[in-house]
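A look at the structure
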Amino acid sequence: MSLQRLLDERAIEQLYIRYCEIVDTKRFDELHEVFTAGATGDYTQALGPGVISPDRASLIASMHANLGPDSNCGPTHHNVGNFRITVEGDTATAKVHYYAEHLGQGDYPGAQYSMWGQYDDELVRTRDGWRVAKRVYTCAIKRGPVVTSPRGS
């Protein structure tokens, strides 16, 4: 294994850790540090039919709506692990397990919503570092009331 491959794998792992940090601090506009502008996200398996983000802007808008201050979701805590990364030049694939805890507010004060699943991503090396270009988001286990939708909807 080459030193460059190890460095790339480490950088990609750090990208997932940065994603968790951005989401948990609710600084969603910083997701340009994680996703390409044209990044697509398929969330249908976990969140329902037709839940597709066609680009980074729609993903950021969804984060604001579902996890932001006007949503039913208060503090969150996201964790990643079991990194399976394959780097081929300036592209990579990654399968990464996640665990996410959400604390309800608004219509769900104090309720806990937990999810365990996997990010199945395609990544590209950009001038600013590795970025996710395509995500398929799956959920293996959910527990608790869904608190990640906007209030009143």
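Here, the structure is the one placed above.
Calculation notes
Residues numbered from 1 in each chain as written. Predicted model: local features only at pLDDT ≥ 70, side-chain atom pairs only at ≥ 80, totals over all residues. Heavy atoms only, no water. Helix = DSSP H or I, 4+ residues; strand = E, 2+ residues; numbered from the N terminus. Rg over C-alpha atoms; globule rule 2.2 N^0.38 Å. Contact = heavy atoms within 4.5 Å. Areas by Shrake-Rupley, 256 points an atom, 1.4 Å probe, with all protein chains shown as cover. Lys, Arg positive; Asp, Glu negative; His and termini not counted. Charge placed at Lys NZ, Arg CZ, Asp CG, Glu CD. Pairing = 2+ DSSP bridges. Expected span 1.5 Å × (residues − 1). Buried < 20%, exposed > 50% of the residue type's maximum accessible area, 1.4 Å probe, protein only. Patch = residues over 30% accessible without salt bridge, like charges linked within 9 Å, V, L, I, M, F, W, Y side chains within 5 Å. Salt bridge = Lys/Arg side-chain N within 4 Å of Asp/Glu carboxyl O.

Time to look at the overall build of the chain. Of the regular secondary structure elements, the chain holds three helices and six strands. Shown N-terminal to C-terminal, the secondary structure of the chain runs as helices and strands in the order α-β-α-β-α-β-β-β-β. In terms of C-alpha radius of gyration, the chain reaches 15 Å, essentially the compact-globule figure of 15 Å for 153 residues. In terms of overall dimensions, the chain has C-alpha extents of about 50 × 30 × 25 Å along its principal axes. For the chain, the proportion of contacts with a sequence separation of at least 24, taken over those separated by at least 6, is 60%. Total accessible area on the chain is roughly 7,800 Å²; 54% of this is exposed by carbon and sulfur atoms. Looking at the chain, you have 16 positive and 19 negative side-chain charges, and the mean spots of the two groups are 2 Å apart.

Now for unusual backbone geometry. Of note, the phi angle at lysine 26 is positive, near 60 degrees, even though the residue is not glycine. Mapped onto the secondary structure, lysine 26 falls in the loop between helix 1 (3–24) and strand 1 (35–42). Of note in this structure, asparagine 82 is not a glycine but carries a positive phi near 50 degrees.

Take the sheet that holds strand 6 (residues 129–143) next. Taken in spatial order, the six strands of this open sheet run 2-1-6-5-4-3, and their pairing is mixed. Strands with a single pairing partner mark the edges of an open sheet, and in this sheet they are strand 2 (52–53) and strand 3 (73–88). One ladder, built from four bridges, connects strand 1 with strand 6; its direction is parallel. The residue bridging aspartate 42 from the neighbouring strand is valine 136, located in strand 6.

Counted at 1.5 Å a residue, the expected span for helix 1 with its 22 residues is 32 Å, and the 32 Å between its end C-alpha atoms agrees. Those residues of helix 1 that sit buried are Asp8, Glu9, Ile12, Leu15, Tyr16, Arg18, Tyr19, Cys20, Ile22 and Val23. Here the buried face of helix 1 lies against strand 1, helix 3 (56–67), strand 3, strand 4 (91–104), strand 5 (112–126) and strand 6. Where helix 1 terminates, the next one or two residues include lysine 26, which has phi positive at roughly 60 degrees.

Attention now goes to a nonpolar patch on the surface. A grouping of Met1, Leu3, Leu6 and Leu7 is seen on the molecular surface, where their side chains present a nonpolar patch of about 450 Å² in accessible area. Along the polypeptide, leucine 6 turns up in helix 1. You can call leucine 6 partly exposed: its relative accessible area is 43%.

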